[in-house]
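# Observations on chain architecture
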Amino acid sequence: FPQKLWKMLESDQFRSIWWSEGGKCVAINKDLFEAEVLGREGQQVFHTQKIKSFMRQLNAYGFTKMQRNSQRSASLPEFLAEEAAASAHSQILYYYNPSFNRAHPWLLETCKRR
């Protein structure tokens, strides 16, 4: 699972999943991922078609869901603009695992199922 995920992140074939936070987090556009990766006919990447099963796999390998930084501005116009931007990103999921880091590919060996 971690090796497949790594190859997917390093590939330019998928737009629904990418490295985030300088290569320390995995970012997933939930809706696009469901269509682009899990909804594939014939060429399944993972052995599931459900996003919840995929997230359970992430958790089983020690990934934790990260929350976006939610600091807000005090002025109303800025707050409303930030709210609009945040709702556009509401389908982006961020996952972190200390053994899954783009800058340290050798740590991938330590990324084991719990």
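Look up: the structure comes first, before these words.
Fair warning: this is a prediction, and the values are worked out from it, not measured in the lab. (Residues numbered from 1 in each chain as written. Predicted model: local features only at pLDDT ≥ 70, side-chain atom pairs only at ≥ 80, totals over all residues. Heavy atoms only, no water.)

## A few points about the side chain of N97
By the element assignment, N97 lies in the segment after β4 (92-96). Overall, N97 belongs to the buried group, its relative accessible area being 4%. Only 2.8 Å separates the side chain of N97 from the backbone nitrogen of S99, close enough to count as a polar contact. In this structure, N97 is in contact with Y61, G62, F63 and C111, ignoring residues within four places of it in sequence. (Helix = DSSP H or I, 4+ residues; strand = E, 2+ residues; numbered from the N terminus. Buried < 20%, exposed > 50% of the residue type's maximum accessible area, 1.4 Å probe, protein only. Polar contact = N/O pair within 3.5 Å; in protein donor to acceptor, adjacent residues only side chain to side chain. Contact = heavy atoms within 4.5 Å.)

## Overview of the sheet that holds strand β1 (residues 17-20)
Pairing in this open sheet of four strands is antiparallel, and the strands run β1-β2-β4-β3 from one edge to the other. A strand with exactly one partner marks an edge of an open sheet, and here the two such strands are β1 and β3 (64-66). Neighbour-to-neighbour, the strand axes of this sheet turn through a mean angle of 35 degrees, independent of strand direction. Strand direction decides the pairing type here: β3 and β4, joined by three bridges, are antiparallel. Bridging from a neighbouring strand, M66 pairs with Y94 of β4. The sheet contacts of helix α1 (residues 2-10) involve β1 and β2 (25-29), and relative to β1 the element is tilted by about 85 degrees. Along the sheet, helix α3 (residues 51-60) makes contact with β2 and β4, crossing β4 at roughly 20 degrees. (Pairing = 2+ DSSP bridges. Axes fitted to C-alpha atoms, helices over the stretch in contact; angles between N-to-C directions.)

## Re the environment of F46
Locating F46 in the fold gives a position in the loop between α2 (30-38) and α3. Assessed through its relative accessible area of 5%, F46 is described here as buried. On a C-alpha basis, the gap between F46 and L5 in space is 9.1 Å, while along the polypeptide they are 41 residues apart. Setting aside residues up to four positions removed in sequence, F46 forms contacts with F1, K4, L5, M8, F33, V37 and F54.

## Looking at the nonpolar core
L5, F33 and F100 are the most contacted members of the largest nonpolar core, which totals 27 residues. Elements that contribute at least two residues to this core include exactly α1, β1, β2, α2, α3 and β4. The dominant element in this core, judged by the number of residues it contributes, is α3, at five residues. Setting aside anything within four residues of it in sequence, one finds L5 in contact with I17, F46, F54, L58, F63 and F100. (Core = buried A, V, L, I, M, F, W, Y, C linked by side-chain atoms within 4.5 Å.)

## Examining the pattern of salt bridges
When the charged atoms of two side chains with opposite charge come close together, those side chains can pair. Counting across every chain of the model gives one salt bridge. One salt bridge connects E10 with R102, and the closest N-O pair in it is separated by 3.1 Å. With a gap of 92 residues between them, E10 in helix α1 and R102 in the segment after β4 connect regions that are remote in the sequence. By relative accessible area, which is 38% here, E10 ends up partly exposed. On the accessibility criterion, R102 (42% relative accessible area) is partly exposed. (Salt bridge = Lys/Arg side-chain N within 4 Å of Asp/Glu carboxyl O.)

## Observations concerning the packing of aromatic side chains
Here the structure, examined in full by the defined rule, presents seven aromatic pairs. An angle of 75 degrees between the planes, with centres 5.0 Å apart, marks the rings of W6 and W19 as edge-to-face. Taken as a pair, W6 in helix α1 and W19 in strand β1 lie far apart in primary sequence, 13 residues in all. Here W6 matches W19 in class, with each residue buried. Centre to centre, the rings of W6 and F100 are 5.3 Å apart; their planes meet at 75 degrees, and the pair counts as edge-to-face. Taken together, the positions of W6 in helix α1 and F100 in the segment after β4 put the pair 94 residues apart, joining distant regions of the chain. Accessibility assignment for this pair places W6 and F100 in one class, buried. Each member of the aromatic cluster is reached from another via a ring pair, and the members are F1, F33, F54 and Y61. (Phe/Tyr/Trp six-rings, centres within 6.5 Å; stacked < 30°, edge-to-face > 60°.)

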